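One-letter residues, chain by chain:
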Amino acid sequence: MSHRVGSDVGIQETDITNTASLQCHSAPYIHKVGIPPKQNLLQEFTATVRETFFADDPLRQFKDQPRSRKFIIGIQSVFPILEWGRHYNLTKLKGDLIAGLTIASLCIPQDIGYAKLAKLDPQYGLYSSFVPPLIYAFMGSSRDIAIGPVAVVSLLLGTLLQNEIDPVKNSDEYRRLAFTATFFAGITQVTLGFFRLGFLIDFLSHAAVVGFMAGAAITIALQQLKGLLGINIFTKKTDIVSVMRSVWSTVDHGWNWQTIVIGVTFLAFLLLAKYIGKKNRKLFWVSAIAPLISVILSTFFVYITHANKDNVAIVGTIKKGVNPSSVKEIFFTGTYLAKGFKIGVVAGMIALTEAIAIGRTFATMKDYQIDGNKEMIALGTMNVVGSMTSCYVATGSFSRSAVNYMAGCQTAVSNIVMSCVVFLTLELITPLFKYTPNAILASIIISAVVGLIDIEAAILIWKIDKFDFVACMGAFFGVVFDSVEIGLLIAVSISFAKILLQVTRPRTAILGKLPRTTVYRNILQYPEATKVPGVLIVRVDSAIYFSNSNYIRERILRWLGDEEEYLKENNQPRIQYLIVEMSPVTDIDTSGIHALDELHKTFKKRDIQLVLANPGPAVIDKLHASKFTDVIGEDNIFLTVSDAVVTCAPKIEQA
């Protein structure tokens with residue numbers, strides 16, 4: 001490192017704009033690059049683990065607390081209801097009661113439809129809106145999220161399960177596999193939360209999620225054509241080609257006009273109600289209550305007209321009573337154990353991604369914090385308990401959560417209210433759904449999934465990042481033209497490919513000096529920035545690892561070659577110093593240091609000095625440990641690019 005200290009420290013740096021101004025009349029003060037305190041292996045390992053898994057310092061609330069208080073805080077951290085419940089009052093209860101009743105009116109018809117989407121009997125959808133919301137209300141940290149079955153997870157589960165077991169011929173085995181998958185979905189979620197591995201779900205990028213959700217929405221809507229058109233024989237495949245072939249092949253003999261009239265009429269009503277609720281937020285209740293009104297009116301119509309005798313498909317008898325135990329139905333041994341585990345992991349990850357995104361969205365809107373890892377434990381626990389009480393995978397529903405928020409919910413008590421209404425429905429009202437036409441359930445599902453198609457988000461992704469748009473469209477077309485699992489695989493693959501591309505091919509830039517400043521910036525971003533004669537300044541915008549060290553070395557050499565060729569053609573002074581601006585370089589490994597060493601050797605043969613500017617603490621520590629600072633010379637490591645240029649320019653002038 002350079003230690004040049006002038007006799008007059010107060011003199012400012014000379015403004016370097018051309019060759020004449022490079023002359024150094026008095027040596028300015030050049031700051032040293034600081035070396036961080038040396039840590040032993042245990043300290044370094046502990047710091048890394050803490051930053052990786054405990055960045056939010058979850059134990060800070062236990063510091064300096066008596067043992068009794070620590071126990072109470074521990075219980076409250078597991079069951080947040082014990083903390084906020086102390087401040088609960090009638091005003092909050094009023095808001096939660098209204099919100100709970102509102103989302104209950106929405107969830108009951110949706111649950112029946114989503115259960116059919118998962119190829120399960122209707123009561124299992126209602127079961128999944130009874131037990132899981134109760135568990136979440138005690139353990140969850142979000143005030144606004146509404147728990148229950150959702151369209152995308154129901155479709156995913158139904159698709160993956162029917163690939164293993166026929167839901168018609170082996171309905172009992174199919175149901176058992178569904179409970180097994182739900183159990184392992186919960187175990188996956190709890191494991192990720194307990195070991196603080198929530199960052200893994202972030203590998204599914206926002207763009208990929210937008211495309212996947214839109215593709216799933218199209219697929220779900222296409223699947224509902226069976227119920228909407230009254231088709232009896234329908235393909236089990238989910239791709240758009242197979243579905244449309246199945247639809248049009250039955251147009252002459254398979255469609256039922258009564259069913260179409262019922263379905264299309266109420267679909268138009270539901271979409272109109274949704275439009276009204278969206279245009280005027282005060283009328284949100286119109287879209288929330290519309291599905292239940294549709295069910296009541298259509299059921300009454302079918303009952304009095306006996307339309308079911310004209311081949312209008314109806315729901316049929318829904319089993320009365322609350323959730324029976326299903327502990328003995330879960331596969332803990334046998335061939336279906338591994339299959340249930342595989343399906344559960346996939347369904348659990350997708351459910352987590354949706355729930356965490358919803359929770360964070362509404363927490364931001366209301367300006368409070370949620371703990372992602374605690375949310376995972378809460379969601380996982382409710383699914384584990386749910387799998388033992390005849391539920392399938394439940395998670396946060398965006399449509400219901402939005403209604404919950406607009407209805408004025410204050411706490412998770414709204415989930416308890418909803419759960420109580422579902423309980424009363426299971427005990428008293430289920431026989432009334434016997435004559436509910438399947439076309440209504442199809443209409444309700446179609447109107448619900450329309451909101452998953454976010455065209456504005458896709459357009460914004462296109463404007464911001466074309467590679468993100470490729471990920472978005474890849475996931476979308478994968479789901480629509482093949483299957484949900486292929487679309488998910490494409491989404492994950494493209495997300496990983498983007499990460500690998502950014503890591504292996506980091507950005508680099510040539511820097512120039514902004515006029516009348518000592519600031520050096522990218523000459524492409526700032527065309528007025530001027531290069532310093534005899535000096536080439538390159539910035540590396542990434543950590544330097546084994547995966548990109550060779551590329552960075554070759555890219556710097558290519559920058560140098562292009563610059564030397566340009567200088568030669570224009571009869572300008574050759575490059576004597578190459579300064580690498582390392583401010584963005586957060587870390588470096590042995591391969592990176594080896595690449596710098598090779599650059600140094602190459603430059604030395606060409607009579608060019610390698611100079612480093614502003615290496616960070618991790619970088620300078622490793623450079624010292626590897627003795628590379630001795631190789632390059634500490635006088636060639638500077639705190640800023642400006643310091644490096646001020647020091648190197650007089651040498652160029654003298655040469």
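In what follows, the structure referred to is the one given above.
Parameters and conventions
- Residues numbered from 1 in each chain as written.
- Predicted model: local features only at pLDDT ≥ 70, side-chain atom pairs only at ≥ 80, totals over all residues.
- Heavy atoms only, no water.
- Buried < 20%, exposed > 50% of the residue type's maximum accessible area, 1.4 Å probe, protein only.
- Helix = DSSP H or I, 4+ residues; strand = E, 2+ residues; numbered from the N terminus.
- Pairing = 2+ DSSP bridges.
- Right-handed = clockwise from strand over helix to strand, strands pointing away.
- Core = buried A, V, L, I, M, F, W, Y, C linked by side-chain atoms within 4.5 Å.
- Contact = heavy atoms within 4.5 Å.
- Axes fitted to C-alpha atoms, helices over the stretch in contact; angles between N-to-C directions.
- Parallel < 35°, antiparallel > 145°, perpendicular 65-115°, else oblique.
- Left-handed = near helix turned anticlockwise from the far one by under 90°.
- Nonpolar A, V, L, I, M, F, W, Y, C, P; charged D, E, K, R; others polar.

Visitor: So, the pairing of strand 7 (residues 609-613): which residues are in play, and what are the values?
Guide: Burial within strand 7 is extensive, with 4 of its 5 residues counted as buried. Bridge count for strand 6 (residues 577-581) against strand 7 is 5 bridges, and the pairing is parallel. Bridging across to strand 7, Val580 finds its partner in Leu612. Regarding the hand of the β-α-β motif, the stretch spanning strand 6, helix 23 (residues 590-605) and strand 7 is right-handed. Relative to strand 8 (residues 637-638), strand 7 is paired through 2 bridges, and the arrangement is parallel.

Visitor: I'd like a description of the nonpolar core, backed by residues and values.
Guide: Ranked by size, the top nonpolar core spans 84 residues in total, and within it Leu157, Phe212, Ile220 and Ile350 carry the most contacts. The leading source of residues in this core is helix 4 (residues 90-117), at 9 residues. Excluding residues within four positions of it along the chain, Leu157 makes contact with Tyr174, Ala181, Ile343, Ala347, Tyr392 and Val393. Judged by nonpolar contacts, the second largest core, of 31 residues, contains Tyr551, Ile593, Ile608 and Ile620.

Visitor: Break down the packing of helix 12 (residues 257-279) against helix 18 (residues 438-449) for me, citing the residues and quoting the values.
Guide: In contact at an axis separation of 8 Å, helix 12 and helix 18 are set at 30° when each is read in the N-to-C sense. Put simply, helix 12 runs roughly parallel to helix 18. Between helix 12 and helix 18 lies a crossing of right-handed hand. For the pair formed by helix 12 and helix 18, the contact residues are Thr259, Ile262, Gly263, Phe266, Leu267, Leu270, Leu271 and Lys274 on the first element and Ala439, Ile440, Ser443, Ile444, Ile446, Ser447 and Ala448 on the second. Residues of the contact of helix 12 with helix 18, tallied by class, amount to 10 nonpolar, 4 polar and 1 charged.

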